[in-house]
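Letter by letter, the chains look like this.
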Amino acid sequence: MTDRKPLRVLILGATSAIAEATARLYAAEGASIALAARDGTRLAAIAADLTARGAGSVPILARDLAAMDGLEAAFDAIVAELGGIDHVLLFYGVLGEQKDAERDLAAARAILDVDFTSAALWSLAAAKRLEAQGSGALVVVGSVAGDRGRQSNYIYGAAKAGLATLVQGIAHRFALTGRKGLHAVVVKPGFVDTPMTDGLKKGGPLWASPDQVAAVIRKAAAGSGPIVYAPWFWRFILLIIRLVPAPIFHKTKL
Amino acid sequence: MAGFVATDRLQSWGRVTRPSQNVASPHFADELPSLVAGAGDTRLGVGLMRSYGDSNLNPDGSVIRMTGLDRIHHFDPASHVLRADAGLSLDSLIRTVLPHGLFPAVVPGTRFVTLGGAVGNDIHGKNHHRFGTFGNHVRRLSLMRSDGRRIELGPDDESGLFAATIGGLGLTGLIEWVEIALRAIPGAMIDAETIPFESLEEFFALADESITTHEHTVSWIDCTRIDGTKMRGLFMRGNCSADPDRPPHAARPRLGMPLELPRFALNPLTLSLFNEAYYRFGRLRAGRSKVHYAPFFFPLDGIMHWNRLYGRDGMFQYQCVVPPGASLDATAELLKIIAASGEGSFLAVLKTFGSNASPGLLSFPREGTTLALDFRNRGPQTLELLARLDAVVFEADGRLYPAKDGRMSARMFQSGYPRLEAFTAHVDPHFSSAFWRRVAP
Ligand SMILES: Cc1cc2nc3c(=O)[nH]c(=O)nc-3n(C[C@H](O)[C@H](O)[C@H](O)COP(=O)(O)OP(=O)(O)OC[C@H]3O[C@@H](n4cnc5c(N)ncnc54)[C@H](O)[C@@H]3O)c2cc1C
Ligand SMILES: NC(=O)c1ccc[n+]([C@@H]2O[C@H](COP(=O)([O-])OP(=O)(O)OC[C@H]3O[C@@H](n4cnc5c(N)ncnc54)[C@H](OP(=O)(O)O)[C@@H]3O)[C@@H](O)[C@H]2O)c1
């Protein structure tokens, strides 16, 4: 334990399983944690738990995070309630139904609005604030699905790819300020056992628990390069997947 | 949204069967009503699947896996009261309450159990003679029934539903949350003492003498070398240390069993060698020492998935309790049969229970001596051996522990639990398990 002031953390998409596992790590450190997600009742249950586990204040923002009107004002308000900000973490996302989204452009747009457009705006709002104060961390959860377009989930993948590029750019922008305690990182998980993947067959060495991924995220928030895979071995799996020539790749059903 | 998904991946700790079940993994309380209510196939709430046999399985039925619901609702260090979702593990709970100088009053031999599982089996620990069972420390719980009712119950309940739910094997409905009373402890350390013994008589003398002086008692015996009542064992006893240091256990075990061992790895020779080594090592360390609670209470938790040691066919646990009058003779007889069989386990555990009564109608612990061991599943020959042990326990008026069982007969179960009839009246008509279908009256 150190005598440092407890951190002030904003969690966007706090009802996500990976987000909650990460929030518990902050709670054990005594951090104050603002929780933003759609369902107020669920947020209240998570807030009570984080409080019992040692968190300081736990303000709640019940809001559709994909709603972009008034986004920046909402960001400022929750940060004010928190009494300042050290880390902003963005977790929310939807996998969507790829097949439906190919036919129904409204469904495609919904995925892009949640996973890219609104997430990009929250990231930019956070970057503006963190850069102005000259310190803090922005951690955004992307996905290995963004590393190569695949027929099974390329709309989701494209949104995550765009988001990763955006965060990479913010990391570059932060680096040029020369401030040591200011950084941005995109964390790309592989398969994680959460409600998002409940439709898939789970188990085996490629699957990680939310706790495992949370540990990677917490470490990345403390300082790291702009792109982190969770767990680390996905970096190499994706390296290979990216290198497979299209004529071969296109014969697979990946 | 968490609906039911058909899968055969959910196994009990013994890994003998791999049934197909419809499994739901809810994460929020608002998802529960639609999972619990209604007709269709039968339901069963489960936790971390640390029960060995089939009491946590519902083949061809539905299972509600509660581990995603693991939030603390309220924790008041001053009054020692904690209320949390049934899926909260003792692993996580201990890490939260220990810094406040608090600890669960009763913990089993592994911290990877949920509150729901601890209630469902009314678990016991090394301090049974002082603190009774887990159910003795439950202040309130919420039970969801298939008829849509959500019932809050406590020890003051007169309907009998609370008593039926403590040790009720998940059959009275889904436990949504549990409120328990914690106990105060000075720190995380235990003043422990290990005493080698060489006969059952010596074991009982040590047990008697330690009841008033020590909170925790448990013994290990070498079940590969038994000669009448002569045997080698290590009697372990302990009290909370006054040392105020409170380091919690490590979040993740360092070791894991990545693979199943092949069949030939476990045989009478390796068993005998292991027991020999364990005894010699124990003798070397005999005497007093100050140890952390984790190795003292949860020695096997250092190795994740140690159950894979028993290979693809899995294992059976056997745990019985026999009343004080029959303790010496029946225990000697059981050990004789096990030694003669050449089967038998790495860790045979012997312990005496105190006379404290649990509220639970089907609670396993009763005054007497309990013996627990595991056997690799070798099919019919293992089942025959266990049936021979059953006969001794039956004669001695003892009973078997459902948490460890995947094969006892209905007769064996019914003879061991005299309050079964009162219990049966409280079973939810849409809840069931493989165990219950085998042993129900
Ligand atoms: C290494 C090891 C050591 C052990 N040592 C001990 C010991 O010293 N003392 C002891 O008493 N036991 C011991 N056990 C057994 C263990 O404590 C029990 O089997 C315990 O019930 C397991 O908890 P679980 O969360 O894994 O429950 P599960 O095995 O998943 O379920 C246990 C029972 O509780 C019911 N249940 C679980 N959750 C709910 C819920 N939310 N609502 C309704 N019903 C529910 C299930 O239906 C089932 O009948 C040990 C087990 C292991 C593996
Ligand atoms: N699980 C994996 O295998 C995996 C792999 C790679 C990347 N990821 C990424 O990891 C992140 C966390 O997901 P998870 O696995 O933890 O799954 P999860 O538990 O299902 O969490 C997804 C969360 O996003 C929230 N959300 C969706 N749309 C929202 C909106 N418009 N406004 C506010 N919140 C919204 C959901 O809240 P509601 O309940 O209100 O819908 C839910 O809490 C996601 O970005 C996901 O893409 C996951």
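Residues numbered from 1 in each chain as written. Chains lettered and ligands numbered in written order. Predicted model: local features only at pLDDT ≥ 70, side-chain atom pairs only at ≥ 80, totals over all residues. Heavy atoms only, no water.

A. A look at the overall build of chain A. Counting its regular elements, chain A contains 9 helices and 9 strands. Whereas a compact globule of 254 residues would reach a radius of gyration of roughly 18 Å, chain A reaches 18 Å, a difference of no more than 12%. Dimensions along the principal axes, computed over C-alpha positions, put chain A at roughly 55 × 40 × 35 Å. The proportion of buried residues among the 254 residues of chain A is 50%. For chain A, the proportion of contacts with a sequence separation of at least 24, taken over those separated by at least 6, is 72%. Roughly 11800 Å² of accessible area belongs to chain A as shown, and the carbon and sulfur atoms make up 61% of that amount. Side-chain charges of chain A comprise 28 positive and 22 negative groups, with the mean position of each set lying 8 Å from the other. (Helix = DSSP H or I, 4+ residues; strand = E, 2+ residues; numbered from the N terminus. Rg over C-alpha atoms; globule rule 2.2 N^0.38 Å. Buried < 20%, exposed > 50% of the residue type's maximum accessible area, 1.4 Å probe, protein only. Contact = heavy atoms within 4.5 Å. Areas by Shrake-Rupley, 256 points an atom, 1.4 Å probe, with all protein chains shown as cover. Lys, Arg positive; Asp, Glu negative; His and termini not counted. Charge placed at Lys NZ, Arg CZ, Asp CG, Glu CD.)

B. Representation of the side chain of Arg-71 of chain B in the model. Looking at the secondary structure, you find Arg-71 of chain B in the loop between strand S4 (62–65) and strand S5 (72–76). Of the residues examined, Arg-71 of chain B reaches a relative accessible area of 2% and is grouped as buried. Looking at Arg-71 of chain B, its side chain comes within polar contact range of the side chain of Glu-20 of chain A, at 2.6 Å. If we skip the residues at most four places from it in the chain, Arg-71 of chain B touches Glu-20, Arg-24, Ala-45, Ile-46 and Asp-49 of chain A together with His-27, Phe-28, Ala-84 and Asp-85 of chain B. (Polar contact = N/O pair within 3.5 Å; in protein donor to acceptor, adjacent residues only side chain to side chain.)

C. Quick look at the packing of aromatic side chains. Under the defined criterion, the tally for this structure stands at 21 aromatic pairs over all chains. Where Phe-191 of chain A meets Trp-234 of chain A, the ring centres are 5.4 Å apart and the plane angle is 85 degrees; that geometry is what we call edge-to-face. Of the two residues, Phe-191 of chain A is situated in strand S7 (residues 191–192) and Trp-234 of chain A in helix H8 (residues 234–243); the sequence distance between them amounts to 43 residues. According to the relative accessible area criterion, Phe-191 of chain A is partly exposed, its value standing at 34%. The exposure class of Trp-234 of chain A is buried, given its relative accessible area of 5%. Taking the centre distance of 6.0 Å and the plane angle of 85 degrees together, the rings of Phe-353 of chain B and Phe-364 of chain B count as edge-to-face. Of this pair, Phe-353 of chain B sits in strand S18 (residues 348–353) while Phe-364 of chain B sits in the loop between S18 and strand S19 (368–376), placing them 11 residues apart in sequence. As far as burial versus exposure is concerned, Phe-353 of chain B and Phe-364 of chain B are alike and both buried. Put simply, the rings of Phe-191, Trp-207, Trp-232, Phe-233, Trp-234 and Phe-236 of chain A pair up and form one aromatic cluster. (Phe/Tyr/Trp six-rings, centres within 6.5 Å; stacked < 30°, edge-to-face > 60°.)

D. Summary view of the site of ligand 2. Residue and element names in this part refer to chain A. Of all residues adjacent to ligand 2, which total 27 residues, the nearest are Thr-15, Arg-38, Phe-91, Tyr-156 and Thr-194. Within the side chain of Ser-16, a nitrogen or oxygen atom sits 2.9 Å from an oxygen atom of ligand 2. Within the side chain of Thr-194, one N or O atom sits 2.7 Å away from an oxygen atom of ligand 2. If ligand 2 stood free it would expose 880 Å²; the protein chains cover 90% of that surface. Where the shell around ligand 2 is concerned, the elements lending two or more residues are helix H1 (17–28), helix H6 (154–176) and S7. For the shell around ligand 2, the per-class residue count stands at 15 nonpolar, 8 polar and 4 charged. (Near = heavy atom within 4 Å. Nonpolar A, V, L, I, M, F, W, Y, C, P; charged D, E, K, R; others polar.)

E. Representation of the nonpolar core within the structure. Core analysis: the biggest nonpolar cluster contains 109 residues, and Phe-134 and Tyr-293 of chain B have the highest contact counts within it. Examining the composition of this core, we find that 6 residues originate from one element, helix H9 (residues 327–341) of chain B, more than from any other. Apart from residues no more than four positions distant in its own chain, Tyr-293 of chain B is found in contact with Ile-94, Leu-98, Phe-103, Ala-188, Ile-190, Pro-247, Pro-248, His-249 and Phe-298 of chain B. Val-88, Tyr-92, Val-140 and Ala-171 of chain A belong to the second-largest nonpolar core, a separate cluster that totals 35 residues. (Core = buried A, V, L, I, M, F, W, Y, C linked by side-chain atoms within 4.5 Å.)

F. Focus on the sheet that holds strand S1 (residues 5–7) of chain B. Residue and element names in this part refer to chain B. Strand order in the open sheet made by the 4 strands is S1-S2-S4-S3, with mixed pairing throughout. Both edges of this open sheet fall to S1 and strand S3 (45–46), since each of them pairs with a single strand only. Both S1 and strand S2 (residues 21–24) contribute to a ladder of 3 bridges, which runs antiparallel. Its bridge partner being in S2, Ala-6 is matched across the sheet by Asn-22. (Pairing = 2+ DSSP bridges.)

G. The arrangement of the interface of chain A and chain B in detail. In this assembly, 18 residues from chain A lie in contact with 18 residues from chain B. Taken together, both faces of the contact between chain A and chain B bury some 1400 Å²; the carbon and sulfur share is 46%. The three residues of chain A that bury the most area against chain B are Arg-42, Ala-52 and Arg-53 of chain A, which together make up 39% of that side's buried surface. For the salt bridge of Glu-31 of chain B with Arg-42 of chain A, the shortest nitrogen-to-oxygen distance reads 3.8 Å. For the pair chain A and chain B, the interface holds 7 residue pairs in polar contact (both at pLDDT 80 or more). Of all the secondary-structure elements, those providing two or more residues to the side of chain A that touches chain B are H1 and helix H2 (40–52) of chain A. Considering each element in turn, the side of chain A that touches chain B owes the most residues, 6 residues, to H2 of chain A. Class assignment of the residues belonging to the side of chain A that touches chain B gives a composition of 6 nonpolar, 4 polar and 8 charged. (Buried area = accessible area lost by both parts, 1.4 Å probe. Salt bridge = Lys/Arg side-chain N within 4 Å of Asp/Glu carboxyl O.)

H. View of unusual backbone geometry. The omega torsion of the bond from Ala-230 of chain A to Pro-231 of chain A falls at -15 degrees, within 30 degrees of zero and hence cis. When you line up the elements, Pro-231 of chain A lands in the loop between strand S9 (227–230) and H8. Positioned with a positive phi, His-80 of chain B is a non-glycine residue whose angle comes to about 70 degrees. Residue position: His-80 of chain B is located in the loop between S5 and strand S6 (81–85). The class of His-80 of chain B is partly exposed, set by a relative accessible area of 25%. Of note in the backbone geometry, Asp-122 of chain B takes a positive phi value of approximately 40 degrees without being a glycine. Within the fold, Asp-122 of chain B resides in the loop between helix H3 (115–120) and helix H4 (128–131).

I. Looking closely at the sheet that holds S18 of chain B. Residues and elements named next belong to chain B. Taken in spatial order, the 8 strands of this open sheet run S15-S11-S13-S12-S18-S19-S17-S20, and their pairing is antiparallel. Of all strands in the sheet, those with a lone pairing partner are strand S15 (287–292) and strand S20 (399–400), marking the two edges. Pairing of strand S11 (residues 189–199) with strand S13 (residues 230–240), which is carried by 9 bridges, proceeds in the antiparallel orientation. Within S13, the position partnered with Glu-193 by the bridge is Arg-237. Each of S11, strand S12 (216–227), S13, S18 and S19 is contacted by helix H6 (residues 200–213), which is oriented at about 155 degrees to S11, the strand it contacts most. (Axes fitted to C-alpha atoms, helices over the stretch in contact; angles between N-to-C directions.)

J. Examining the site of ligand 1 more closely. All names here are of chain B. For ligand 1, the set of nearby residues contains 34 residues, the closest of which are Gly-45, Arg-50, Ser-51, Thr-114 and Tyr-401. Between an oxygen atom of ligand 1 and a main-chain N or O atom of Gly-45, the distance comes to 2.6 Å. Asn-56 places a polar side-chain atom, nitrogen or oxygen, 3.0 Å from an oxygen atom of ligand 1. Summarising the interface, the protein chains cover 95% of the accessible area of ligand 1, which totals 970 Å² for the free molecule. Of all the secondary structure elements, the ones that give two or more residues to the shell around ligand 1 are S3, H3 and strand S10 (174–184).

K. Spatial organisation of the pattern of salt bridges. Here the structure, examined in full by the defined rule, presents 44 salt bridges over all chains. A salt bridge links Asp-193 of chain A to Lys-202 of chain A; the nearest nitrogen and oxygen atoms lie 2.6 Å apart. Taking relative accessible area as the criterion, Asp-193 of chain A reaches 40% and is therefore assigned partly exposed. Its salt-bridge partner being Glu-333 of chain B, residue Lys-336 of chain B comes within 4.0 Å of it at the nearest N-O pair. Note that Lys-336 of chain B and Glu-333 of chain B are positioned in helix H9 at a spacing of 3 residues, about one turn of the helix. In the salt-bridge network here, residues are joined through shared partners; they are Glu-20, Arg-24, Asp-49 and Arg-53 of chain A together with Asp-70 and Arg-71 of chain B.

Remember, this is a structural readout, not a statement about activity or role.
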